[in-house]
Amino acid sequence: MNSIVIVGGGHAAAQLCAGLAEAGQAARVHLVCEEACEPYHRPPLSKTFLKSADQATQPHRPPNWFQDSGIHLHLGDPVVAIDRAAHTVSLRSGAVLPWEKLVLATGSRARRLPALGDAPLDNVITLRAADEAQRLRERLAQAGHVTVLGGGFIGLEVACTALALGKKVRVIEVAPRLLGRAVSPALSKHVLQTHRAAGMEIDLGAAVGGFELEDGRLAALEVNGQRQPVDLLLLGIGGVPETALAQASGLECADGIVVDAHMQTSDPAVLAVGDCTRFPDRRAGRALRLESVQNANDQARTAVATLTGAAREHDAIAWFWSDQGSLRLQMAGLMPAEGTPGLASVRRPGPNDSAFSLLHYVDGKLVCVESVNAPVDHMMSRKLLEAGRNPPPEQAADPAVPLKSLLA
Ligand SMILES: Cc1cc2nc3c(=O)[nH]c(=O)nc-3n(C[C@H](O)[C@H](O)[C@H](O)COP(=O)(O)OP(=O)(O)OC[C@H]3O[C@@H](n4cnc5c(N)ncnc54)[C@H](O)[C@@H]3O)c2cc1C
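Residues numbered from 1 in each chain as written. Predicted model: local features only at pLDDT ≥ 70, side-chain atom pairs only at ≥ 80, totals over all residues. Heavy atoms only, no water.

A. Spotlight on the overall build of the protein chain. The helix and strand tally for the protein chain stands at 10 helices and 26 strands. For the protein chain, the C-alpha radius of gyration of 22 Å lies close to 22 Å, the compact-globule estimate for 408 residues. Based on the C-alpha atoms only, the size of the protein chain along its principal axes is roughly 65 × 60 × 40 Å. Taking all contacts inside the protein chain whose residues are at least 6 apart in sequence as the whole, residues at least 24 apart take part in 59%. Total accessible area on the protein chain is roughly 17,800 Å²; 51% of this is exposed by carbon and sulfur atoms. Looking at the protein chain, you have 39 positive and 43 negative side-chain charges, and the mean spots of the two groups are 4 Å apart. (Helix = DSSP H or I, 4+ residues; strand = E, 2+ residues; numbered from the N terminus. Rg over C-alpha atoms; globule rule 2.2 N^0.38 Å. Contact = heavy atoms within 4.5 Å. Areas by Shrake-Rupley, 256 points an atom, 1.4 Å probe, with all protein chains shown as cover. Lys, Arg positive; Asp, Glu negative; His and termini not counted. Charge placed at Lys NZ, Arg CZ, Asp CG, Glu CD.)

B. Local environment of the pairing of strand 13 (residues 208-214). The sheet contact formed by strand 13 and strand 14 (residues 217-223) spans five bridges and is antiparallel. Bridge pairing links Val-208 to Val-223 in strand 14. A loop of two residues connects strand 13 with strand 14, the two strands running antiparallel in sequence, and Asp-215 in this loop sits at a positive phi of about 50 degrees. (Pairing = 2+ DSSP bridges.)

C. Structural view of helix 1 (residues 11-22). Taking 1.5 Å as the rise per residue, helix 1 with 12 residues should run 16 Å; its terminal C-alpha atoms sit 17 Å apart, in good agreement. Taken across its 12 residues, helix 1 has 10 buried, putting it largely inside the fold. Buried within helix 1 we find His-11, Ala-12, Ala-13, Ala-14, Gln-15, Leu-16, Cys-17, Ala-18, Gly-19 and Leu-20. On its buried side, helix 1 packs onto strand 1 (4-7), strand 2 (29-33), helix 3 (65-69), strand 7 (101-104) and helix 8 (293-307). One or two steps after helix 1, the chain reaches Gly-24, where phi turns positive at roughly 75 degrees. (Expected span 1.5 Å × (residues − 1). Buried < 20%, exposed > 50% of the residue type's maximum accessible area, 1.4 Å probe, protein only.)

D. The arrangement of the pattern of salt bridges in detail. Tallied over the full model, the rule gives 19 salt bridges. Close ionic contact of Arg-282 with Asp-315 constitutes a salt bridge, the shortest N to O distance being 3.1 Å. Of the two residues, Arg-282 sits in the loop between strand 20 (277-281) and strand 21 (286-288) while Asp-315 sits in the loop between helix 8 and strand 22 (319-324), which places them 33 residues apart along the sequence. On the basis of relative accessible area, Asp-315 is assigned to the partly exposed category, the value being 37%. Close ionic contact of Glu-291 with Arg-289 constitutes a salt bridge, the shortest N to O distance being 3.2 Å. (Salt bridge = Lys/Arg side-chain N within 4 Å of Asp/Glu carboxyl O.)

E. The arrangement of unusual backbone geometry in detail. With a phi close to 50 degrees, Asp-215 is a non-glycine residue in the positive phi region. The topology assignment puts Asp-215 in the loop between strand 13 and strand 14. Although it is not a glycine, Asp-363 adopts a positive phi angle of roughly 50 degrees. For Asp-363, a relative accessible area of 65% corresponds to the exposed category.

F. Region of the structure containing the layout of surface pockets. There is about 420 Å³ of room inside the second largest pocket. If you go around the second largest pocket, you meet 21 residues; those closest to its centre are Arg-283, Ala-284, Leu-334, Lys-365 and Val-367. The element that contributes the greatest number of residues to the lining of the second largest pocket is strand 26 (residues 365-372), accounting for three residues. The class makeup of the residues in the lining of the second largest pocket is 13 nonpolar, three polar and five charged. Counting contributing residues, the lining of the second largest pocket receives three or more from each of domain 1 (4-109 + 239-307) and domain 3 (336-407). (1 Å grid on protein atoms, 1.4 Å probe; cavity = no way out; pocket = protein on both sides within 12 Å on 5 of 7 lines; lining within 4 Å. Points joined across faces, edges and corners; volume = space filled by probe spheres on them. Nonpolar A, V, L, I, M, F, W, Y, C, P; charged D, E, K, R; others polar. Domains from an automatic or database assignment.)

Structural data, given as structure tokens:
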């Protein structure tokens with residue numbers, strides 16, 4: 001029993017399979033996923049997938065790649081229990097799989113609102129998986145008005161897609177600014193102005209309550225004391241790491257499965273990767289939880305190194321993108337909290353009026369670059385951050401100085 005069992009079939013799991021196959025280990029691998037389909041890309045689910053019924057999900061690998069590589073697939077059959085002493089997992093079907101190494105890649109699930117109860121509501125949708133995206137697409141086709149609760153990445157992407165489909169769209173955010181947990185105030189402001197100019201209604205600092213449930217639907221909610229009828233509501237209020245299995249088996253969890261720099265959990269025979277982890281980020285100097293494709297892929301690469309006897313410490317630059325209407329947002333590095341001592345920022349104009357980058361420094365050290373419609377600057381920023389370069393702010397802000405030249 002020298003098998004590696006991977007629990008989950010998302011981005012991190014697909015990358016793990018690719019890495020293990022490349023290392024000649026595919027025959028040891030069992031991929032167990034709750035979803036009944038092979039791994040697919042999630043980012044299009046809030047973007048292109050919603051636009052037309054012709055759009056299919058985009059698989060990570062060509063058809064039959066997993067089977068042809070020798071990987072054992074167990075789809076539509078979630079793991080319901082881990083026995084760490086016996087080194088086995090139990091599946092819902094009753095099957096029991098032995099493992100030498102176990103990797104948890106269970107991702108995150110959409111946060112729900114206790115006020116809406118546990119029963120599903122016909123016109124309230126959360127978006128994490130393809131079946132929810134399919135439902136959202138069907139409901140969008142019938143809806144005239146779309147309410148989005150939460151001005152985070154997924155909420156705003158869906159809001160932009162709905163706007164492009166000709167729907168009336170209202171975004172309700174309880175925080176004082178959009179994308180408040182992830183981007184700078186200056187970028188939040190630009191996003192707000194752009195979306196409002198495109199016709200999106202946006203409430204910031206909103207007091208939300210008074211949920212009126214009627215016949216299995218959300219009929220209305222109260223925003224700032226005003227009753228708002230609801231046609232279709234997307235609940236985009238963030239994600240919760242999927243840690244139930246890890247917790248039940250006694251692994252250390254703290255808003256995420258706690259892993260070390262080799263992606264090992266508190267039990268070295270069990271690894272965890274992707275959205276479900278809390279990991280030590282060397283650059284930030286603290287433990288973090290990230291929800292991004294980059295993080296899932298890079299952590300999976302670190303886990304492959306651990307599993308194949310080539311262990312190295314995880315060290316990756318965080319980067320993320322979000323497509324919102326006319327805005328292509330690309331972030332490299334982590335945005336320090338507002339009010340961080342020594343935080344200073346410069347604006348670098350882009351190749352046209354709708355493009356620019358914001359470079360953020362802490363005590364003269366470049367820590368984060370936010371780019372809007374400036375993909376070349378984003379790519380170069382990642383390289384600057386990777387190389388640990390701290391270009392002088394006045395040069396970085398000068399569009400006549402290519403960022404590439406500052407790498408030298
Ligand atoms: C709509 C949407 C848009 C996004 N857009 C972007 C974007 O533009 N850019 C970006 O960087 N990131 C984006 N993300 C985030 C990105 O998709 C995630 O960070 C990434 O999918 C995380 O990969 P993962 O493998 O950790 O988890 P996931 O991809 O979520 O996969 C987890 C898998 O584990 C399975 N699972 C859970 N529990 C069990 C169990 N007990 N047994 C078996 N299987 C189980 C789940 O069913 C799921 O298939 C988006 C996410 C969503 C939902």
